[in-house]
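# Fold and geometry: a report
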Amino acid sequence: MIHEDVRSKISAIEALLRAGSYTDVTLNDIRELVLQCRMIGDQRLLADSLLALAGLFFLRSKLDESAEYIREALTLVDGTGTDTEVNALVLLGRTLLRTDLPLAKETLMKAYELSSSINTAAAPHVLLRYGEVLGMTGSLPEGVALIKQAIDAYERREDAHGRLVALLRLCVLLQGADKSVACLEYATEALHLAQQHANPTARLNALKFLAGSLTALGRFDEAFDIGRRALELATMRNDPIAEADCLGTLGMSFFQAGDLTSALSVTQQAFHKYSHAGAILGEALCQMYAARIYAAAGDLQQAEQLIDHALETTQSAGNVYLTHQALKIRARIYQDLNRSNDAAALLSSLPTLELDDVANAEAAPVIEHALDTYRSFTVSAPLPSFGSLPEHVSLFPVLRPRPSQHSVRPFGVVLLGGFRLVRSGVEVPLDEWKRRKARDVFKFLVLRHRQSVSVDTIVEHLWSADATVDSCLPTLQNAISIIRSILEPTLKPRQPSRFISHQDGAYVLDLGLDSLVDVEQFRALVAASRSCERPQERRRLLEQATALYAGPLLPEDAFEEWTSFPRSDFHALCVEAYDALASVCFDLDDRPAATAAMRAAAALDDGE
């Protein structure tokens, strides 16, 4: 009876995780189940509970923790030839999709073969994930075929949630293969199912694919509206990877519409969100997008540099799918450089992807059906109006070129250990700021780099509790004016700034892709180290991160309430980095370095 009760609880949690409702599941719920299973002594039941715990960590993008519990589950069921062993292999393969595609393919192939031997045919979730990795590693037609088999199998089982996930994974492959009409059809079906079964995660992803497909089909206004709605949902769910995905989709909408400035800005935001989450393939995708933007603006040297970075990442990760996309962009750049022979040779070396069996409908009715479906689900819950695409001042704006190897960065901002702003290699002296309030506003915006910060929020944090926005507005505007002149000394009074903008009662500070903000880089390095499975590389990332931590955040503002939480946050992050560094150094049998890292972590804790 106890076994049945525990099995029932595990099944209920698995159903919530599959439906994307993981916010309704707590770690304590699953950990109590794991403890119960350990006491019962049933190894397969324990493995199932460990996989539920691993699944929750996976959905929260905590891949290291997820992999730890998957491997523990595998030690319990390895060689048993059971569905639990298959499920463990599938989940392990999914964690590896983000970090090691060749190993992910090997793991999912093993799951596919095992599932096929257990049953008359592989289970649909195995077909789905094996098809996904085949598509990503260069076998796109085979991958699409397997995912379509999974969709059919889920339909026969009347498993709407499984079918929904498979539809969305098919959209990933179709969008990359430029099958926009087919992608739009499947995304529309996914949106209908997601709404019908109240799956917010799937709804968000379906909207993202709708926006991307409509962009490719030239319907920019609709794509922009849907993309902004998807981004709003991702932000509400506090899902940084989903936010980055939506920002990347919006960036392409801006690009295809000819607004290169907005396209670059949004793509930069996506890059930094991927970077903070340690998603290196997301970073590579943004570099590919940015290369297209720079190429369109005529900066072919910068475009080629970005493609070099992207190709290095995708090839080292074994992602043939993204590598092909990057090579296509490089061929376009060759054409723009009048290197037609190089472009032709490159394109001829890429395989032609024949996907004639997916969908071959006329675009117009598919588009109208997609928009009708979208509108039917959004009328009752409208978002704030975001407006249409902005007017274009010129055919393309002047984009800031990436500095050469021997040039200096436009800006460097240091907040850890004390505030410093370096402009074109020269530190800005204190007297140039004129007012302390200007420095405070700048620091506050740097901590929210590339985020929209409302005037209300600035006043609430930087002025006294009884201050009103109206009374503080003149001082704030004066502070912004000082910041503008410091960032661009030659800027005229009414001339738009390239680095700080104001719209709808909010300010956005964006110092550009080539500038360096220490807190931003510190977070990115720690995040990247968490998902890095290669010990030497992880050590390098952690050593770079701890080297950046020159001291507490803004010690000169130690008694300002608005600095308290971020200071504590960065302090805790540095302790975490030193602890992780000590652990990886022990694993590499470098005990002196491990001891030094442990002492540094202890010293930080003592000095808190």
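In short, a report on the structure. Values in this document were obtained by computation on a predicted structure and should not be read as measured data. (Residues numbered from 1 in each chain as written. Predicted model: local features only at pLDDT ≥ 70, side-chain atom pairs only at ≥ 80, totals over all residues. Heavy atoms only, no water.)

## As for unusual backbone geometry
This is how the line gets drawn: Under the scheme used here, helices are H or I runs from DSSP no shorter than 4 residues and strands are E runs no shorter than 2 residues, and both carry numbers assigned from the N terminus. To sort residues, take the accessible area from a 1.4 Å probe on protein chains only and compare it with the maximum for the residue type: under 20% means buried, over 50% means exposed, and anything in between is partly exposed.
Positive phi values are uncommon outside glycine, yet Arg450 reaches one of about 70°. Its place among the elements puts Arg450 in the loop between helix H20 (436-446) and strand E4 (452-454). When its relative accessible area of 6% is taken as the criterion, Arg450 is described as buried. Phi is positive for Asp589, close to 60°, though the residue is something other than glycine.

## Observations regarding the sheet that holds strand E1 (residues 411-414)
Sheet strands pair by backbone hydrogen bonding; their relative direction is either parallel or antiparallel. Heads up, the rule is: Note on pairing: DSSP must find at least two bridges between two strands before they are called paired.
An order of E3-E2-E1-E7 is seen for the four strands of this open sheet, with the pairing classed as mixed. Taken across any chain shown, the strands that pair with only one partner, and hence form the sheet edges, are strand E3 (426-427) and strand E7 (516-517). The pairing of E1 with strand E2 (residues 420-423) spans four bridges and is classified as antiparallel. By the bridge assignment for E2, Val414 is matched with Arg420.

## Quick notes on the nonpolar core
Rule in force here: By convention a nonpolar core is built from buried Ala, Val, Leu, Ile, Met, Phe, Trp, Tyr and Cys residues, the set being connected through side-chain atoms within 4.5 Å. Whether two residues are in contact is decided by their heavy atoms: any pair within 4.5 Å suffices.
Of all hydrophobic cores here, the largest spans 140 residues; its most connected members are Leu207, Leu210, Ile226 and Ile307. A per-element tally of this core places helix H3 (residues 43-59) first, with 11 residues. Filtering out sequence-adjacent residues up to four positions away, Leu207 remains in contact with Leu191, Ile226, Arg229, Ala230, Leu233 and Tyr374. Counting residues in hydrophobic clusters, the runner-up holds 63 residues, among them Val428, Phe442, Val459 and Ala582.

## A word on helix H6 (residues 101-118)
In plain terms, the rule: Here the expected span of a helix is defined as 1.5 Å times the quantity of residues minus one. Relevant arc is that of directions from the helix axis to the C-beta atoms, nothing else.
Taking 1.5 Å per residue, 18 residues should reach 26 Å; H6 reaches 25 Å between its end C-alpha atoms and fits that length. Burial in H6 covers these residues: Leu101, Ala104, Thr107, Leu108, Ala111, Leu114 and Ser115. In an axial view of H6, the angular spread of the buried residues amounts to 150°, which keeps them on one side of the axis. Turned more than 90 degrees away from the buried face of H6 sit Glu106 and Ser117, all of them exposed. For H6, the secondary structure elements touched by its buried residues are helix H5 (83-96), helix H7 (124-136) and helix H16 (300-317).

## Observations regarding the packing of aromatic side chains
The test is simple: In summary, the pairing rule links any two rings of Phe, Tyr or Trp, Trp by its six-membered ring, whose centres are within 6.5 Å, and it sorts them by plane angle into stacked for under 30 degrees, edge-to-face for over 60 and tilted for everything else. Charge-over-ring contacts are defined here by two conditions on Lys NZ or Arg CZ: a distance within 6 Å of the ring centre and an angle within 35 degrees of the ring normal.
Per the stated rule, a full pass over the model turns up nine aromatic pairs. Pairing Trp433 with Phe442 gives two aromatic rings, centres 5.4 Å apart and planes at 50°, and the pair type is tilted. Using a relative accessible area of 0% as the deciding quantity, one classes Phe442 as buried. Ring centres 5.8 Å apart and planes at 40° place the aromatic pair Phe522 and Tyr549 in the tilted group. One end of the pair, Phe522, is in helix H23 (residues 518-530); the other, Tyr549, is in the loop between helix H24 (535-548) and helix H25 (561-587), and 27 residues separate them in sequence. Tyr549 gets classed as buried once you look at its relative accessible area, which sits at 11%. For the cation-ring pair, Lys437 lies above Trp463, with the distance from its terminal atom to the ring centre recorded as 4.4 Å.

## Thoughts on the sheet that holds E4
Inclusion rule: Inter-axis angles, ranging from 0 to 180 degrees, are taken between N-to-C directions of lines fitted to C-alpha atoms, where helices are fitted over the stretch in contact.
Here three strands make up an open sheet; going across it, the order is E4-E6-E5 and the pairing antiparallel. Both edges of this open sheet fall to E4 and strand E5 (500-503), since each of them pairs with a single strand only. Strand-to-strand twist in this sheet, taken as the mean axis angle between neighbours without regard to direction, amounts to 30°. The pairing of E4 with strand E6 (residues 506-509) spans three bridges and is classified as antiparallel. Its bridge partner lying in E6, Ser454 is registered against Ala506. The strands that helix H22 (residues 469-487) touches are E5 and E6; relative to E6, the one it contacts most, it runs at about 20°.

## What to know about the side chain of Thr546
Inspection of the secondary structure assignment puts Thr546 in helix H24. You can call Thr546 buried: its relative accessible area is 8%. Beyond its immediate sequence surroundings of up to four residues, Thr546 is in contact with Ala577, Tyr578 and Leu581.

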